[in-house]
Amino acid sequence: MFRRTAVIATIAALALTLGACAGGSAAPDPTTSAAADADATLRVGLVLEPTNLDIRHTSGAALEQILVDNIYQGLVTRTQDNEIVDALASKHEISADGLTYTFTLQEGVTFSGGQPLTSADVVAAYTQVKDDETIVGHSDFADVASITAPDESTVVITLTQPNQNFLFSLTTPAGLVFAKDDTTDLKTAANGTGPFTLEDWKQGDSITFARNDSYWGEKAGVKEVVFSYIPDFSSGVNAALDDSVDVLTAVDPNLASRFEGTDFTITRGKTTDKAVLAFNNAAAPLDDPKVREALRLAIDHKALVEAVGAGQPLYGPIPELDPGYEDLSSLVSYDPEKAKSLLAEAGKSNLSLTLTIPSFYGTTVATYLVSAFNKVGVKLTVNSVEFPTWLTDVYQNHDYQLSFVLHVEPRDFGSTWANPDYYFGYTNAQVSDLYEKSLRTVDADESAKLLAEAAKIVSQDNAADWLYVGETLTAVSPIVQGFPTDSINSRIDLSQITVTE
Amino acid sequence: MTRFLLTRVALLIAGPLVASILIFLALRVFPGDVAQLIAGSKGTPAQVAQLREQLGLNEPLWTQYVDWIGGVFRGDLGTSLLTGSSVTEQLAEKAQVTVPLALMSMLVALLVGVPFGVLSALGRGKRSGSAISFIAQALASVPVIWAGMLLVIVFALWLQWLPAQGFPRGGWNHTPQAFASLVLPALTIGVVEGAVLLRFVRSATLQAMTEDYVRTAAAQGLTRTRALLRDGLPNVAISIISILGLQFAGIVVGAVVVEKLFNLPGIGRMLVTDVGNRDLPMVQGEMLTLTVVVLVIGVVMDVVHRLIDPRLREAS
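All values derive from a computational prediction rather than experimental measurement. (Residues numbered from 1 in each chain as written. Chains lettered and ligands numbered in written order. Predicted model: local features only at pLDDT ≥ 70, side-chain atom pairs only at ≥ 80, totals over all residues.)

### Observations regarding the overall build of chain B
(1) Moving on: Of regular secondary structure, chain B possesses 13 helices and zero strands.
(2) Moving on: Traced from its N-terminal end to its C-terminal end, chain B shows the element sequence α-α-α-α-α-α-α-α-α-α-α-α-α.
(3) Moving on: When its C-alpha atoms are laid out on the principal axes, chain B stretches across 85 × 55 × 35 Å.
(4) Moving on: Within chain B, contacts between residues at least 6 apart in sequence are counted, and of these 71% link residues at least 24 apart. (Helix = DSSP H or I, 4+ residues; strand = E, 2+ residues; numbered from the N terminus. Contact = placed C-beta atoms within 7 Å.)

Given below as structure tokens:
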């Protein structure tokens, strides 16, 4: 009896391994209602909880999504359409040679702990990013030569060479400003300059923000925001339907129909989430261009998007919200017959491949690919793994044939396709050259053109298949105004949101 | 009896020690790296290596184990690699959801399993008995997650009697709401576990009906049913007690599924999240605690079993 109990207890405990969930992005239109309630609480249901709140040392969309712009701010930030605008800086200037960035700070800014913001805080925060390898975004500061403060309200950053991405990187966690010599434990507490303060974090349940009443700018429209983390998509919908949350994002497209006939509005937001079917370009059999081309020809992208239920086809590595986007649909077609003959030419008529996919992406994409590849004579085995296993096997060790994940980072062309060490195993000197040129070009339009050229080559090389670009479905109650729609898996600007009685 | 107790106490000490080694080793061969997760997909190999060093993941295995188990003996289960919060504190907080949930589930299981198990045995060969057996067989085969979804659709979304998900943020300060939010989850686990229990009760009752003492009582003029209720059921109770320990392990596994389904901030959901994050100190602390709880309950049931069954007492 006893021994059996012991064994069962251990097995029960060992067997409890499940996966996490991926977030998405969306929003309704910002018409301010006359009856907005300044004392209201906004309740938002999200999927993926941050692992901790230390945005300096922990990467992840779940932290960025809620903390950037709301709790912490940088000199500049970006709108939901990825346009760069000033935040803690009242203005910024870039010298004609693209090497000197001069920022003028807003006046009267204080941290929620009471300290006034000065240029010394910015210098300290940014110098740390440049010097400390463990800080998120360290590599984005590689071209920084100096960070100085000529006076209390001016910060000057000089670069060793022009960098088209530098200003954008200041809109990411690397650009956030923290109080100098602050001793706040950032893992569970916060001391920022934003319109909200961190009130409470009930781990495994919810995070609560309170309006920062001493905020330097226009005060937020709601008194309190509660983020409830609901990892199960179906129970997220239940939470919205039983009035436990006012907004739910992301809504699983397969469950969107449950909101029909309710007061909720479903918005569809643009994202930079590239659903990449990665080919291991560095290893047989996918080092063979014919095999890669055949696999792309076997995929009917429109049918796939329909099966997924959200998103748009994407035929190259750059999504619409990023510079360098162009419509590359002419490069890709659906032609299973041609795929078969290419495979025959390559001597790979009876090909067996394995797809490694993190389990939280569900089965829709994998099921579609199994049947699509089967039609051209390729037997696809699906290896569904937990995300940490994917990170080790695929991302770190490049031990895979095909892989599927959503690449959510905006402007990641350089770190992926122009990086031979990346798990894609893709090397093309022409692409790397074009990317390098685009990065060093000061004129933004000129730079984007070079980038588009590089992206086109990557797609022509069939270096991967971009199955679709994600859309985020958000369910918004009619009492909520101004909830953003686009890019909300990377940030949700809460300051303009109001709730009516 | 003394010898019996001593062996149980010895097992209670040795069991968790062995379990701790198994848990520790199983987690080290588990693929995935918390440092890589923290650094994310933009992290450089150098950054990951530095993080591993900072988190103490480069220490020899036995040093890590001794550090951990030494802490456990001092009542310190360690701290989370990710949040720095104490494993013990987190467990205590989440137990406020999971312990009441487990107790309520056990109660539901007993309310379903015992009366219907006895009725099913009494009605053997009749329609009522077959119907109960059939329903029990069907319920015992239902996946917990499916039972939960059905209950939500009927009682929360359709009838709107009970909340569909969640637990009040203020916890047990809002007692009625907290209680209401655990009813459907407890029913979900309890009905499925109760159906399993029902079959044990049924066979134990059938066994009792053939025992000599029931026949003797019947011969003295009691009806067969009354003889069974008076002399048979105490014996049925003894066999139920001995399987309740096992049922508890089933309830713990059910809690993991149900806490996700009903979005409850309990130990099961915490465990799933921590495994996903490869937060090893949290996972091993949680697993060791669960193992010890199940072991202790098993031993307590064993002892109770001895105490109430005079035949076993005499045998030792």
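### A word on the overall build of chain A
(1) Moving on: A count of helices and strands for chain A gives 13 helices and 18 strands.
(2) Moving on: Relative to the 2.2 N^0.38 estimate, which gives 23 Å for 501 residues, the radius of gyration of chain A is 24 Å and therefore close to what a compact globule would have.
(3) Moving on: Seen through its C-alpha atoms, chain A measures out along the principal axes to roughly 70 × 65 × 55 Å.
(4) Moving on: Within chain A, buried positions represent 53% of all 501 residues. (Rg over C-alpha atoms; globule rule 2.2 N^0.38 Å. Buried ≥ 20, exposed ≤ 12 C-beta atoms within 10 Å, placed from the backbone.)

### Details of helix α10 (residues 387-396) of chain A
(1) Moving on: Buried residues of α10 of chain A: F387, P388, T389, W390, L391 and V394 of chain A, and no others.
(2) Moving on: Taken together, the buried residues of α10 of chain A touch β13 (351-358), β14 (378-385) and β15 (402-407) of chain A together with α2 (34-39) and α11 (267-276) of chain B.
(3) Moving on: Immediately downstream of α10 of chain A, the backbone of H398 of chain A shows phi near 55°, a positive value.

### Details of the interface of chain B and chain A
(1) Moving on: At the interface, 65 residues of chain B touch 50 residues of chain A.
(2) Moving on: Listed by contribution, the elements that provide at least two residues to the side of chain B that touches chain A are α1 (2-28), α2, α3 (45-54), α5 (87-122), α7 (144-158), α10 (224-261), α11 and α12 (280-308) of chain B.
(3) Moving on: For the side of chain B that touches chain A, the element with the most residues is α10 of chain B, which contributes nine residues.
(4) Moving on: Along the lines of polarity and charge, the residues of the side of chain B that touches chain A split into 34 nonpolar, 23 polar and eight charged. (Nonpolar A, V, L, I, M, F, W, Y, C, P; charged D, E, K, R; others polar.)

### Quick notes on the environment of I238 of chain B
Residues and elements named next belong to chain B.
(1) Moving on: The residue I238 is located in helix α10 in this model.
(2) Moving on: Look at I238 and you get partly exposed, because 17 C-beta atoms sit within 10 Å.
(3) Moving on: Sequence separation between I238 and D309 is 71 residues, and the spatial gap between their C-alpha atoms is 7.1 Å.
(4) Moving on: With sequence-adjacent residues up to four places away left out, I238 is seen in contact with H305, I308 and D309.

### Regarding the nonpolar core
(1) Moving on: Within the largest apolar cluster, 220 residues are counted, with the highest numbers of intra-cluster contacts made by L75, V225, A294 and A298 of chain A together with V201 of chain B.
(2) Moving on: Here this core gets 16 residues from one element, more than from any other, and that element is α10 of chain B.
(3) Moving on: Once you skip the residues sitting within four places of it in the chain, A298 of chain A turns out to touch P336, A339, A372, F373, K375 and V376 of chain A. (Core = buried A, V, L, I, M, F, W, Y, C linked by C-beta atoms within 7 Å.)

### Thoughts on the sheet that holds strand β1 (residues 41-46) of chain A
Sheet strands line up and pair through hydrogen bonds in the backbone, either parallel or antiparallel.
Residues and elements named next belong to chain A.
(1) Moving on: The strand order β8-β9-β10-β1-β11-β16-β12-β15-β13-β14 describes an open sheet built from ten strands, whose pairing is mixed. Unpaired on one side and paired on the other, β8 (196-202) and β14 mark the two borders of the sheet. If you compare each strand with its neighbour and ignore which way they point, the axes differ by 20° on average.
(2) Moving on: Pairing of strand β11 (residues 247-249) with strand β16 (residues 464-476), which is carried by three bridges, proceeds in the antiparallel orientation. Residue pairing across strands places L248 opposite A475, the latter belonging to β16.
(3) Moving on: Of the strands in this sheet, β1, β10 (224-229), β11 and β16 are in contact with helix α5 (residues 233-241), which crosses β11 at around 165°.
(4) Moving on: Running at roughly 130° to β13, α10 makes contact with β13, β14 and β15 of the sheet. (Pairing = 2+ DSSP bridges. Axes fitted to C-alpha atoms, helices over the stretch in contact; angles between N-to-C directions.)

### What to know about unusual backbone geometry
(1) Moving on: With omega at -5°, the peptide bond leading from T249 of chain A into A250 of chain A counts as cis.
(2) Moving on: For A250 of chain A, the location among the structural elements is in the loop between β11 and β12 (265-279).
(3) Moving on: For the bond running from A284 of chain A to P285 of chain A, omega is 0°, close enough to zero to count as cis.
(4) Moving on: Considering the arrangement of structural elements, one finds P285 of chain A in the loop between β12 and α6 (289-297).
(5) Moving on: Residue S487 of chain A is not a glycine yet carries a positive backbone phi of 55°.
(6) Moving on: Turning to its location among the elements, S487 of chain A is positioned in the loop between β17 (480-481) and β18 (498-499).
(7) Moving on: Look at S487 of chain A and you get buried, because 27 C-beta atoms sit within 10 Å.
(8) Moving on: Even without being a glycine, N263 of chain B presents a positive backbone phi close to 55°.
(9) Moving on: Examined against the element boundaries, N263 of chain B turns out to sit in the loop between α10 and α11.

### What about the packing of helix α6 (residues 127-140) of chain B against helix α8 (residues 175-209) of chain B?
Residue and element names in this part refer to chain B.
(1) Moving on: Between α6 and α8, whose axes approach to 8 Å, the crossing angle comes to 135°. Taken together, the axes of α6 and α8 lie oblique to each other. Crossing handedness for the pair α6 and α8: left-handed. On α8, the residues that touch S133, A136, L139 and A140 of α6 are V191, V192, A195, V196, L198, R199 and R202.
(2) Moving on: Looking at the contact of α6 with α8, its residues break down into eight nonpolar, one polar and two charged. (Parallel < 35°, antiparallel > 145°, perpendicular 65-115°, else oblique. Left-handed = near helix turned anticlockwise from the far one by under 90°.)

### A closer look at the sheet that holds strand β7 (residues 154-159) of chain A
All names here are of chain A.
(1) Moving on: Read across the open sheet, the four strands follow the order β4-β5-β7-β6; overall the sheet is antiparallel. Looking at the sheet topology across the chains shown, the edges are occupied by β4 (89-94) and β6 (144-151). Each adjacent strand pair in this sheet contributes to an overall mean axis angle of 15°, direction not counted.
(2) Moving on: Relative to β7, strand β5 (residues 100-105) runs antiparallel, the two sharing five bridges. Its bridge partner lying in β7, F103 is registered against V155.
(3) Moving on: The strands touched by helix α3 (residues 119-131) are β5, β6 and β7; relative to β6, the strand with the most contacts, the crossing angle is about 170°.

### Side note on the pairing of β4 of chain A
(1) Moving on: Judged from the five bridges that link them, β4 of chain A and β5 of chain A form a sheet pairing that is antiparallel. By the bridge assignment for β5 of chain A, A89 of chain A is matched with L105 of chain A.

### Observations concerning the confidence of the model for chain B
Residue and element names in this part refer to chain B.
(1) Moving on: Mean pLDDT over chain B: 86, with 98% of residues reaching 70 or higher.
(2) Moving on: Ranking the helices and strands of chain B by mean pLDDT puts α5 first, with 92, and helix α13 (residues 310-315) last, with 68.
(3) Moving on: ipTM for the predicted complex: 0.83, alongside a pTM of 0.86. (pLDDT = per-residue confidence, 0-100.)

### Quick look at the pairing of β8 of chain A
The side chains of a regular strand alternate, first on one face of the sheet and then on the other.
(1) Moving on: As paired strands, β8 of chain A and strand β9 (residues 206-211) of chain A are joined by six bridges and run antiparallel to one another. Paired with K202 of chain A across the strands is S206 of chain A, a residue of β9 of chain A.

### Brief notes about the environment of L22 of chain B
Residue and element names in this part refer to chain B.
(1) Moving on: Tracing the chain through its elements places L22 in helix α1.
(2) Moving on: Looking at L22, the number of C-beta atoms within 10 Å reads 15, which means it is partly exposed.
(3) Moving on: As a C-alpha pair, L22 and I308 span 286 residues in sequence and 34 Å in three-dimensional space.

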